[in-house]
Amino acid sequence: MTAEVRTRVRIPLRLDGGVAVDAEAVTFRGLADEGEHLAFVLGTPGDVPLVRPHSECLTGDVFGSARCDCGPQLAEAVQRISGVGGYLLYLRQEGRGIGLYNKLDAYALQDGGLDTYAANAALGLPEDARDYTVAAQMLAALGVGEIDLLSNNPDKSAQLEAAGIAVRRHVPTGVFATESNVRYLRAKAELTGHTLPGLAS
């Protein structure tokens, strides 16, 4: 299935930590899941742009929840991509694809001692339901076939390459560990191979 650009509009972004940039927001038609995903064009993308696929996190991105590292990662990505030129793909995949209410239910189970993946499983949900097919479609619609990937998640790279996007280089994000999210980050490092130095056992 082929997607195409629907609209482009300029938006000044103001994010955590004083990050302030002007971006071009791009919407699409023909995405595989028919979701309202966005691409933000940051700086002047080159032939092999820096790209971060960022899954929506209402609690972290908007309300600054310290239970995850999503808000700081989003701000970091916007700043770093703006400096070299590329794309932020904002994917509507709340809670690793399980939705906001289920994510909050999983938080309650985590408060009882389960890690983030075990909590999803206890709810009868996938550990990680995210599908990056739409990310690959968005990049193709933007004329991008090869990228430098800004991510610590090896699954993003594998899925994008399987969908026809070449990953030239992996660029790790920062590690934004706090007292509130260190168990969550350690689970990502130990159980799903995220590149988070110092957190895996």
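Participant: Which parts of the structure should I look at to understand the overall build of the protein?
Facilitator: The secondary structure content of the protein amounts to eight helices and seven strands. Out of the 201 residues belonging to the protein, those deemed buried represent 46%. Contacts in the protein between residues at least 24 apart in sequence constitute 62% of all its contacts with a sequence separation of at least 6. Taken as a whole, the protein presents about 9500 Å² of accessible surface, with 50% of it coming from carbon and sulfur.

Participant: I'm lost on a nonpolar patch on the surface in this one. Help?
Facilitator: Together, Leu58, Val62 and Phe63 give the surface a local cluster of nonpolar side chains, amounting to about 320 Å² of exposed area. A residue is classified by how much of its surface remains accessible, and leucine 58, at 31% relative accessible area, is partly exposed.

Participant: I tried to follow the pairing of strand β6 (residues 146-150) on my own but got confused; where do I start?
Facilitator: Successive side chains on a regular strand alternate, one facing one side of the sheet and the next facing the other. Summarising burial for β6: four of the five residues are buried, a large majority. Where strand β4 (residues 50-55) lies against β6, two bridges are found, and the strand directions are parallel. Looking at the pairing, leucine 50 lines up with aspartate 148 of β6. Examined bridge by bridge, β6 and strand β7 (residues 166-171) share five bridges and lie parallel to one another. Among the inter-strand pairings, leucine 149 is bridged to a residue of β7, identified as histidine 170. In terms of handedness, the path from β6 via helix α7 (residues 154-162) over to β7 forms a crossover that is right-handed.

Participant: Please explain the side chain of glutamate 56 as it appears in this structure.
Facilitator: With respect to the helices, strands and loops of the structure, glutamate 56 is situated in the loop between β4 and α1 (58-62). Polar side-chain contacts of glutamate 56 include one of 2.9 Å to the side chain of arginine 92.

Participant: Would you explain helix α4 (residues 100-111) in this entry?
Facilitator: Three or four residues apart is the spacing at which side chains of an α-helix point the same way, because the helix has 3.6 residues per turn. Spanning 12 residues, α4 covers 17 Å between terminal C-alpha atoms, matching the ideal 16 Å at 1.5 Å per step. Among the residues making up α4, those that are buried are Lys103, Ala106, Tyr107 and Gln110. Seen end-on, α4 carries its buried residues on one side only, within an arc spanning 110°. Every exposed residue of α4 that faces more than 90 degrees away from the buried side is listed here: Tyr101, Ala108 and Asp111. Positioned one or two residues after α4, glycine 113 has a phi angle of 120°, which is positive.

Participant: Honestly, the environment of serine 82 in this entry has me stumped. Any pointers?
Facilitator: Inspection of the secondary structure puts serine 82 in helix α2 (residues 70-84). Looking at serine 82, the relative accessible area reads 22%, which means it is partly exposed. Each C-alpha atom, one on serine 82 and one on alanine 23, is 8.6 Å from the other, the two residues being 59 residues apart in sequence. Once residues within four sequence positions are removed from consideration, serine 82 is found in contact with Val21, Leu42 and Gly43.

Participant: What is the right way to read the pairing of strand β2 (residues 19-29) from this model?
Facilitator: Most of β2 sits out of view: eight of its 11 residues are buried. Pairing of strand β1 (residues 4-15) with β2 involves 11 bridges; the strand directions are antiparallel. In the strand pairing of β2, threonine 7 is matched with threonine 27. Between β1 and β2, which pair antiparallel one after the other, the connecting turn spans three residues, and glycine 17 there sits at a positive phi close to 75°.

Participant: I'm lost on the pattern of salt bridges in this one. Help?
Facilitator: Proximity of charged atoms lets side chains of opposite charge pair with each other. Under the counting rule described, the total for this entry stands at nine salt bridges. Across the salt bridge formed by glutamate 94 and lysine 103, the nearest N and O atoms sit 2.4 Å from each other. For aspartate 128, the salt bridge identified is with arginine 130, shortest N-O distance 2.8 Å. Residue arginine 130 is classed as buried on the basis of its relative accessible area of 14%. Within this structure, Asp148, Arg168 and Arg169 form a network of salt bridges that share partners.

Rules used in this analysis
- Residues numbered from 1 in each chain as written.
- Predicted model: local features only at pLDDT ≥ 70, side-chain atom pairs only at ≥ 80, totals over all residues.
- Heavy atoms only, no water.
- Helix = DSSP H or I, 4+ residues; strand = E, 2+ residues; numbered from the N terminus.
- Buried < 20%, exposed > 50% of the residue type's maximum accessible area, 1.4 Å probe, protein only.
- Contact = heavy atoms within 4.5 Å.
- Areas by Shrake-Rupley, 256 points an atom, 1.4 Å probe, with all protein chains shown as cover.
- Patch = residues over 30% accessible without salt bridge, like charges linked within 9 Å, V, L, I, M, F, W, Y side chains within 5 Å.
- Salt bridge = Lys/Arg side-chain N within 4 Å of Asp/Glu carboxyl O.
- Pairing = 2+ DSSP bridges.
- Right-handed = clockwise from strand over helix to strand, strands pointing away.
- Polar contact = N/O pair within 3.5 Å; in protein donor to acceptor, adjacent residues only side chain to side chain.
- Expected span 1.5 Å × (residues − 1).
- Arc of directions from axis to C-beta.

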